[in-house]
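Tertiary structure, described
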Amino acid sequence: MEDSFNPSVSSSSLPERTMQRIVTNNGMVVLALENPAADIIATRIFIKAGSRCEPRYQAGLSHLLSSVITKGTEQLCAAEIAERVESLGASLGADTTTDYFLLSMKTVSADFPEMLELAGDLLRSPTFPQAEVELERRMTLQAIKSQQEQPFTVAFEQLRQAMYQDHPYALSTLGTVETVANLGRGELDSFHHTYFRPDNTIICVVGRITPEEVVNQIEKVFGDWEIPDTAIPSVELPELLAFPHPRITPIPTKQSIVMLGYLTPSVTSPDYAALKLINTYLGNGLSSRLFVELREKRGLAYEVSAFYPTRLDASQFAVYMGTAPENTEVALYSLRTEVERLCKIPLKPDELQAAKNKLLGQYALGKQTNAQIAQVFGWYETLGLGVGFDRVFPKAVAVVTTEEIQEVANRYFVEPYISLVGPESAVAGLIESTWEN
């Protein structure tokens, strides 16, 4: 191994597997797991820069970058990139989230070197062709306008904006019509130059390849990628101020969307496992509390669920229901009652155990394929949790008690942010009367 690469290696032992973690001399983190079961190699390349790194006036920038980064490099045009991928029967795609950018690949082992070389070209020397930028920008604007016609999206957008205010999490990764309209090649080049660098990159490779081979191939492609002289900019985020004033949007629709949101901590919080269990108990699947009580028993809901996304910064716990307009008021009251019930009535031991079994079962099923494993472990590393979090999380879930569930509920489920979308006849005046009560 050349001195210029000079990785230091540590490992995390997994059931029947060993995930190798290699830190290269130029700061890249390489995660490698050999899985010879099938002749497939899945690769996930994470850049620690998502929409949370965008200035508010450039919202949607990282999404636009992910749409055009595969459309041209200094060596290849969009058609040549597509032809190279398709000729190998491989897959290649880019995406962005609130917390990171992602380049995904899947190929047979024999073609891994060629695909990795292509990935290196895309990450290091994209050209963002003007015509492609304009096309993707127009498509993004159409997607934003389309979402504005969907009641669920309207309700979620206004809930998110109420909760996060000036924080980047307040906006969709797509951005807004106003911000996207002003994005161009200059902004893309600047964002890429700032954040796409070896010491801000994690590569996770899983499949029929040894960790030593992974390191050798990455050395060939990325070994001469130098760390810039400038530091990675720190992201200055505003303080979130609790101001749960209700939001309402009357629109002509055949159903009302009712949403409640509560500010909750990030993935690094000691309350994370308990909140994931509460989410599972309340809104995960056909056996969840909300589904059984509000849809099956009372017939209030067309759809009902809960979500608690894993975030680098403060997250949100939300419950929502789609209901007949005439049921809007009772739906709002019932959702709030079910959430706040956890503050007063402890879960029964069998209810808590059922939630643990479901959560841990789904967690295990989410790591069956090479692609899933590469995604999960690369994601953990990107969030700063490390590959060892794969062992930490199940253990944390297993020891949560009914008392802890109640304590966590009382800590966060105090006063909800309320978002309503529905016919004016169903929601007019509803928020004020409900809020006062």
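Residues numbered from 1 in each chain as written. Predicted model: local features only at pLDDT ≥ 70, side-chain atom pairs only at ≥ 80, totals over all residues. Heavy atoms only, no water.

Regarding the UniProt feature "domain: Peptidase M16 N-terminal" (unreviewed entry) in the protein chain
- UniProt's feature table lists "domain: Peptidase M16 N-terminal" (unreviewed entry) at residues 30-176, given in the numbering used throughout.
- Annotated as residues 30-176, this span is 43% helix and 17% strand, and its ends, taken at the C-alpha atoms, are 35 Å apart. (UniProt positions renumbered as here; feature names shortened; annotations may be inferred. Helix = DSSP H or I, 4+ residues; strand = E, 2+ residues; numbered from the N terminus.)

A look at unusual backbone geometry
- Residue Phe-128 is not a glycine yet carries a positive backbone phi of 50°.
- By the secondary structure assignment, Phe-128 is in the loop between α3 (112-124) and α4 (130-147).
- Within the chain, Gln-165 stands out as a residue other than glycine whose phi angle is a positive 50°.
- In this fold, Gln-165 is placed in the loop between α5 (151-164) and α6 (177-180).
- A relative accessible area of 22% places Gln-165 in the partly exposed class. (Buried < 20%, exposed > 50% of the residue type's maximum accessible area, 1.4 Å probe, protein only.)

Here we look at the sheet that holds strand β12 (residues 417-422)
- With mixed pairing, the 5 strands of this open sheet are ordered in space as β8-β12-β9-β11-β10. The sheet is open, and its two edges are formed by β8 (247-250) and β10 (301-307), each paired on a single side. With strand direction ignored, the average angle separating the axes of adjacent strands in the sheet is 10°.
- Strands in contact with α5 are β8, β9 (256-264), β10, β11 (315-323) and β12; relative to β9, the strand with the most contacts, it is inclined by about 30°.
- Running at roughly 25° to β9, helix α11 (residues 328-344) makes contact with β9, β10, β11 and β12 of the sheet. (Pairing = 2+ DSSP bridges. Axes fitted to C-alpha atoms, helices over the stretch in contact; angles between N-to-C directions. Contact = heavy atoms within 4.5 Å.)

Remarks on the environment of Ile-373
- As for its placement among the helices and strands, Ile-373 is situated in helix α13 (residues 370-382).
- Ile-373 sits 340 residues away from Leu-33 along the chain, and the two C-alpha atoms are 8.9 Å apart.

Quick notes on the pairing of β11
- Summarising burial for β11: 9 of the 9 residues are buried, a large majority.
- Both faces of β11 are covered, namely the face carrying Ser-315, Phe-317, Val-319, Met-321 and Thr-323 and the face carrying Gln-316, Ala-318, Tyr-320 and Gly-322.
- Bridge count for β9 against β11 is 9 bridges, and the pairing is antiparallel. Looking across to β11, one finds that Ser-256 is bridged to Thr-323.
- Summarising the sheet, β10 and β11 pair through 6 bridges and their orientation is antiparallel. Considered in β11, the bridge of Phe-307 is made with Ala-318.

Remarks on the packing of helix α9 (residues 272-283) against helix α15 (residues 402-412)
- Running from N to C, α9 and α15 point in directions that differ by 90°, and their axes come no closer than 10 Å. Considering their axes alone, α9 and α15 lie roughly perpendicular with respect to each other. Of the residues in α15, those touching α9 at Ala-274, Leu-275, Leu-277 and Ile-278 are Glu-404, Ile-405, Val-408, Ala-409 and Tyr-412.
- Per-class residue counts for the contact of α9 with α15 are 8 nonpolar, no polar and 1 charged. (Parallel < 35°, antiparallel > 145°, perpendicular 65-115°, else oblique. Nonpolar A, V, L, I, M, F, W, Y, C, P; charged D, E, K, R; others polar.)

Section: the pairing of β12
- Most of β12 sits inside the fold, with 6 of its 6 residues counted as buried.
- Residues of β12 alternate between two faces, with Tyr-417, Ser-419 and Val-421 on one and Ile-418, Leu-420 and Gly-422 on the opposite face, all of them buried.
- Bridge analysis of β8 against β12 gives 4 bridges, and the strand direction is parallel. Bridge pairing links Arg-247 to Ser-419 in β12.
- The pairing of β9 with β12 spans 5 bridges and is classified as antiparallel.

What to know about the environment of Ala-170
- In this structure, Ala-170 sits in the loop between α5 and α6.
- The residues touching Ala-170, leaving out its near neighbours within four places in the chain, are Arg-56, Glu-157, Arg-160, Gln-161, Tyr-164 and Gln-165.

Points about the UniProt feature "domain: Peptidase M16 C-terminal" (unreviewed entry) in the protein chain
- The UniProt record marks residues 184-359 with the feature "domain: Peptidase M16 C-terminal" (unreviewed entry), using the residue numbering of this structure.
- Structurally, residues 184-359 comprises 41% helix and 20% strand, and the distance from its first C-alpha atom to its last is 43 Å.

What to know about the packing of aromatic side chains
- Using the criterion set out here, one finds 20 aromatic pairs in the structure.
- On the numbers, 6.4 Å between centres and 35° between planes, the contact of Tyr-308 with Phe-317 is tilted.
- Centroid distance Tyr-380 to Phe-389: 5.0 Å. Interplanar angle 80°. Geometry classified as edge-to-face. The same class applies to Tyr-380 as to Phe-389, namely buried. (Phe/Tyr/Trp six-rings, centres within 6.5 Å; stacked < 30°, edge-to-face > 60°.)

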